[in-house]
Amino acid sequence: MKNIDSYTHLRGESLFVDDIMVRRDTLYGLVFDSPKAHGKIISVNYTKAETVKGVVKIFTYKDIKGENQIGGIIPDEPLWAEHEVHFQGMPIAFIVAKSEAIAKQARALIEIEIEELPVITTAREAKEKGSFINAPRSFNLGNTDKVFENCKHVFSGTVFSNGQEHLYLETQGTYAIPMENGNIKVISSTQGPTSVQKIVAQVLGVAMHKIEVDVTRLGGGFGGKEDQATPWAVMAAVAVQYLKKPVKLILNRHDDLRMTGKRHPYDSTFKIGLDKDLNILAYQVEFLQNSGAAADLSPAIAERTLFHATNSYYIPNVNSIVHSCKTNLPPNTAFRGFGGPQGMFVIESAIALAANNLGIDKRIIQEKNLLSENDEFPYGQIATKVEMKNSWHTALKHFNLEKLEKEVEEFNKENKRFKKGLSLMPVTFGISFTNTPMNHARALVHIYQDGSVGVSTGAVEMGQSVNTKMLQVAYETLGITPDKVKLETTNTTRVANTSPTAASATADLNGKAVLKACKALKKRLITVSSKMLSERKKDIKFEKNKVYLKGKKTNISWEKVVKQAMLDRVALTENAHYKTPIIHFNKTKEKGHPFAYHVYGTAITEVSLDCMRGTYEIDAVKIVHDFGKSMNLGIDIGQVEGALAQGIGWMTLEEIAYDKDGRLASNTLSSYKIPDVFSAAKKVAIIPLKTKGNKMAIKKSKAVGEPPLMYGIGAYFAIQRAVKAFNPKHKIKFHSPFTPEKVLMSLYEK
Ligand code: MTE
Ligand code: HPA
Ligand code: MOS
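First things first, this report covers the structure right here in the doc. (Residues numbered from 1 in each chain as written. Chains lettered and ligands numbered in written order. Predicted model: local features only at pLDDT ≥ 70, side-chain atom pairs only at ≥ 80, totals over all residues. Heavy atoms only, no water.)

### Here's the deal with the site of ligand 1
For step 1, the next point in the chain: The environment of ligand 1 is made up of 18 residues, and the closest members are Gly221, Phe222, Met462, Thr506 and Gln639.
For step 2, the next point in the chain: At a separation of 2.9 Å, an oxygen atom of ligand 1 approaches a polar backbone atom of Phe222.
For step 3, the next point in the chain: If ligand 1 stood free it would expose 520 Å²; the protein chains cover 92% of that surface.
For step 4, the next point in the chain: Of the residues assigned to the shell around ligand 1, the class counts are seven nonpolar, nine polar and two charged. (Near = heavy atom within 4 Å. Polar contact = N/O pair within 3.5 Å; in protein donor to acceptor, adjacent residues only side chain to side chain. Areas by Shrake-Rupley, 256 points an atom, 1.4 Å probe, with all protein chains shown as cover. Nonpolar A, V, L, I, M, F, W, Y, C, P; charged D, E, K, R; others polar.)

### Considerations on the site of ligand 2
For step 1, the next point in the chain: In the region of ligand 2, the neighbouring residues are Glu226, Arg304, Phe338, Phe433, Thr434, Met438, Ala502 and Ala503.
For step 2, the next point in the chain: Contacts to ligand 2 include Glu226, whose side-chain N or O atom sits 2.6 Å from a nitrogen atom.
For step 3, the next point in the chain: Here an oxygen atom of ligand 2 sits 3.1 Å away from a polar atom, N or O, in the side chain of Arg304.
For step 4, the next point in the chain: Tallied by class, residues from the shell around ligand 2 come to five nonpolar, one polar and two charged.

### Some remarks on a nonpolar patch on the surface
For step 1, the next point in the chain: A contiguous nonpolar patch, built from Met612, Leu744 and Tyr748 and spanning about 300 Å² of accessible area, is present on the exposed surface.
For step 2, the next point in the chain: Structurally, the position occupied by Tyr748 is in the segment after helix 19 (740–747).
For step 3, the next point in the chain: Take Tyr748: its relative accessible area is 44%, and that puts it in the partly exposed class. (Patch = residues over 30% accessible without salt bridge, like charges linked within 9 Å, V, L, I, M, F, W, Y side chains within 5 Å. Salt bridge = Lys/Arg side-chain N within 4 Å of Asp/Glu carboxyl O. Helix = DSSP H or I, 4+ residues; strand = E, 2+ residues; numbered from the N terminus. Buried < 20%, exposed > 50% of the residue type's maximum accessible area, 1.4 Å probe, protein only.)

### Description of the sheet that holds strand 8 (residues 153–161)
For step 1, the next point in the chain: A sheet is described by the order of its strands in space; here six strands give the open sequence 7-15-14-13-8-30, paired in mixed fashion. Each of the sheet's edge strands pairs with one partner strand only, and the pair in question is strand 7 (137–141) and strand 30 (735–736).
For step 2, the next point in the chain: Bridge count between strand 13 (residues 266–274) and strand 14 (residues 280–292): nine bridges; the pairing is antiparallel. From the neighbouring strand, Lys271 faces strand 14, where its bridge partner is Gln284. (Pairing = 2+ DSSP bridges.)

### With respect to the packing of aromatic side chains
For step 1, the next point in the chain: For the structure shown, the criterion picks out 17 aromatic pairs.
For step 2, the next point in the chain: Between Phe139 and Phe585, the aromatic rings sit 6.0 Å apart at their centres with planes inclined by 45 degrees, giving tilted as the arrangement. In this pair, Phe139 is assigned in strand 7 and Phe585 in strand 25 (residues 584–586), connecting sequence segments 446 residues apart.
For step 3, the next point in the chain: According to the relative accessible area criterion, Phe585 is buried, its value standing at 15%.
For step 4, the next point in the chain: When the ring of Phe307 is compared with that of Phe595, the centres are 5.3 Å apart and the planes differ by 70 degrees; the resulting orientation is edge-to-face. Taken as a pair, Phe307 in helix 9 (residues 298–307) and Phe595 in the loop between strand 26 (591–593) and strand 27 (597–610) lie far apart in primary sequence, 288 residues in all. As far as burial versus exposure is concerned, Phe307 and Phe595 are alike and both buried.
For step 5, the next point in the chain: Cluster of aromatic residues (ring-pair linked, three or more members): Phe139, Phe307, Phe377, Tyr379, Phe585 and Phe595.
For step 6, the next point in the chain: The lysine or arginine in question, Lys57, covers the ring of Tyr242, its NZ or CZ lying 4.7 Å from the ring centre. (Phe/Tyr/Trp six-rings, centres within 6.5 Å; stacked < 30°, edge-to-face > 60°. Lys NZ or Arg CZ within 6 Å of the ring centre and 35° of its normal.)

Below you can see the structure in the form of structure tokens.
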């Protein structure tokens, strides 16, 4: 089945926030933000701006009736700055005017005086100065101190991975509309409708039931709208509360790039110890997360870094710690992988360094230490139904790695200017919100009296095609045709108290709820049919809108059964709740069983390097991926392809740059390079791994949204191998992205 949005997407008819028909009295908002990264606000003069014709009101923290607080995990983030600013782009005021152009004109007239304070832009500097978001977290297994002494080989090093801009096609935006009695409807481009509802209520000082949040779809989120869609919705709502007129705010790209956080840059140090047979016996790692100026989701992201610090390997002695470092950058936030990629890049770097120093192929150490059944993760979960080695060896065999390696070797022998490099990247990614209480969802299913069906869930469609999957679950369970089912918008009055669409778990959580609701409805309709046919319930089935008796089609249709159910006064609506069973985690002991299951896979990356120019091409990425029993392979392969491109971009091209004053230098698409058709892998082959599937996944179809991003890490090491082939003296470094500029320096390093 195709993505159900493809028809309207292709015709340009799909509705995003900016496409919604506005009321005639709509006003337009624009954010006035801090021009300095750190300082005391001495004065702000709005007088000139206020006199611009068409400016209705400029809102500041003084206009807030509830709390000036939007922090989700830690209450450390004001909606609008009061007396201090903590990053360039920090919102200070909100200009509401008759048009966006007028608001822009006014913004330029605001005069601000700031007494500057020292600016911290890197995690390392923050740590030295003792600037943290919260206390560090540490996951441990075995005893590293003792074991390092007995290791034959011990290596240590440092790793840096830079941030990443989400660059969702649809920028952040909201449209807030006053309803009667002070109620407000908020249309928002958010992954977390409930967070928006909760924080709007908190800032406005009203009950949550007065706020209705509605989401049709997002033009991409990638984690950037899990928490950071909220401030814009709240600003518009504050204005609506005061002005009683609809207020629209769509960030232009420049404002969006400057004001929002990105993937967290990490500065890490590691020590890895191996025995003579290349078993990794001990691994010690310290992660310094550049959290930015407020917590946002940083503590949860730091936690996931620890969960994935050993990637796909079993290491019996692990000592890992993460510090969320407070800096004067926009609060960094969720981005596909949620801290997992940063953790995995470090262990892969540690293995690469060990292999380099021992003069062997990285693959040998990787292969030797892959996760097996019943291995213990540092967080206490015992690995079961492990497909790591299966995916690895399937990839080696299916893509004939030996031959590929020989080809690369021969090519490098014969060519001077061009060199090739090869790498393997295993991925093991845990599925579930690491915060156990978040793993639940609900679905509300109506069967209308004509037999058509409406499905509401807490899932937000953002291009990952979750709505298509929900539709598949509904029609297959009910035994009707897909055209009978409609996916409704995501709305807090229909499905309340939802977790955000995140953690790749949305289809699992919401799908299981849809399944449960549809099963309950079907059971009732089977009872109605059994009466109509005077036959036993267990002999009756629905398929493609027809009633089957003992496997034979009857002349009774789905519509007829629904009609009869109405006459019999049978409830045709069901609300189901699903919570992931089994999972738990103890944050004091840092042990438990946090994940419903893991997703596994292996990628082989081949690159070619132009050693005169430092430029490279990704020749091929060959992947064996564990989809479980995919319920929609077309969609799932699309997710792998998209995530891969995004992962390669993070590792190779995308270079976020803040200057020492905390100003975003890479603030345009000419100074921030994202993957395009030329930089994408020339060939991408994706082979589904044959497995029995996992019952914890919806219809045994495993979560797919984030895990494949980490295949992109393979590109870094493939390029590194090619550089090494040209310049054996090159001292390998772990500093991503590996831009052509850095490649060129490495090629000619003495
Ligand atoms: N795919 C598209 N096209 N657009 C997106 O914004 N977000 C990713 C992934 N795939 C995203 C996407 C992220 S960060 C997550 S967590 C998952 O989708 C969320 O959706 P799921 O739980 O339904 O997989
Ligand atoms: N993943 C993604 N988003 C989240 C998580 C998680 O584990 N926890 C809270 N938000
Ligand atoms: Mo995805 S980073 O969990 O929104």
